[in-house]
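Breakdown of the fold
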Amino acid sequence: MWSHKPDEQVPKFWQGMRRAGLAVTRQEHTEHHAKPWNTDYCMVTGHMNRLFDKIDFWPKYERAVHSLTGAEADSWKIKDYKAFAFGEIGKEEYISRRSTTVAKDFR
């Protein structure tokens, strides 16, 4: 909840955690809500985001959840992303099919 609010609207300890790099900033959390909705899921501290994004943890996790529950990730609504998540196309192919702004999501 506090990740959605600016510093002046959150408790002092949360502001301190943001300054110390122990909690994501509001801007960093906003990336979690932005297209292509396939990165930055570690939304409290954010410390694992780069590693998880680099090893494609989240597409693998989404596939696992889908196989167990049948639920589809919101990111699968994005053209070509589901094909990437299922390994039908590679990361480079997915990026090349999307606008250049998507490349930043695969740091």
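Structure: see above.
Each value, and the rule that gives it
Residues numbered from 1 in each chain as written. Predicted model: local features only at pLDDT ≥ 70, side-chain atom pairs only at ≥ 80, totals over all residues. Heavy atoms only, no water. Helix = DSSP H or I, 4+ residues; strand = E, 2+ residues; numbered from the N terminus. Buried < 20%, exposed > 50% of the residue type's maximum accessible area, 1.4 Å probe, protein only. Contact = heavy atoms within 4.5 Å. Areas by Shrake-Rupley, 256 points an atom, 1.4 Å probe, with all protein chains shown as cover. Salt bridge = Lys/Arg side-chain N within 4 Å of Asp/Glu carboxyl O. Core = buried A, V, L, I, M, F, W, Y, C linked by side-chain atoms within 4.5 Å. Expected span 1.5 Å × (residues − 1). Arc of directions from axis to C-beta.

1. Quick notes on the overall build of the chain
- For the chain, the count of helices and strands is six helices and zero strands.
- Secondary structure of the chain in N-to-C order comes out as α-α-α-α-α-α.
- Among the 107 residues that make up the chain, the fraction classed as buried is 36%.
- Contacts spanning at least 24 positions in sequence make up 27% of the contacts within the chain whose residues lie at least 6 apart.
- Surface summary for the chain: the accessible area is close to 6900 Å², and the carbon and sulfur share equals 58%.

2. Considering the pattern of salt bridges
- The full count for this structure, using the stated rule, is seven salt bridges.
- Here Asp7 makes a salt bridge to Arg18, at a shortest N to O gap of 2.7 Å. Remark: Arg18 occurs in helix 1 (residues 12–19) and Asp7 occurs in the segment before helix 1; sequence separation between them is 11 residues.
- Across the salt bridge formed by Asp74 and Lys77, the nearest N and O atoms sit 3.4 Å from each other.
- Judged by its relative accessible area of 69%, Lys77 falls in the exposed class.
- Here the residues in one salt-bridge network are Lys79, Asp80, Glu93 and Arg97, joined through shared partners.

3. Some words on the nonpolar core
- Core analysis: the biggest nonpolar cluster contains nine residues, these being Ala73, Trp76, Ile78, Tyr81, Ala83, Phe84, Ala85, Ile89 and Tyr94.
- Sort the elements by how many residues they give to this core and helix 5 (residues 81–85) lands first, with four residues.

4. Some words on the side chain of Ser3
- Structurally, Ser3 is set in the segment before helix 1.
- When its relative accessible area of 6% is taken as the criterion, Ser3 is described as buried.
- Beyond its immediate chain neighbours, meaning those up to four positions away, Ser3 contacts Trp14, Arg18, Val24, Arg26, His29 and Met43.

5. A closer look at the environment of Tyr94
- Its location among the elements puts Tyr94 in helix 6 (residues 91–97).
- Along the backbone, Tyr94 and Asp80 are 14 residues apart, and their C-alpha atoms lie at a distance of 6.5 Å.

6. As for helix 4 (residues 57–69)
- Taking 1.5 Å as the rise per residue, helix 4 with 13 residues should run 18 Å; its terminal C-alpha atoms sit 18 Å apart, in good agreement.
- Looking at helix 4, one finds that the buried residues are Trp58, Pro59 and Glu62. For helix 4, the angular spread of the buried residues around the axis is 100 degrees, confining them to a single face. Counted as exposed and oriented over 90 degrees from the buried face of helix 4: Ser67 and Leu68.
- Following helix 4 by one or two positions, Gly70 adopts a phi angle in the positive range, close to 85 degrees.

Keep in mind these numbers describe shape, not what the thing actually does.
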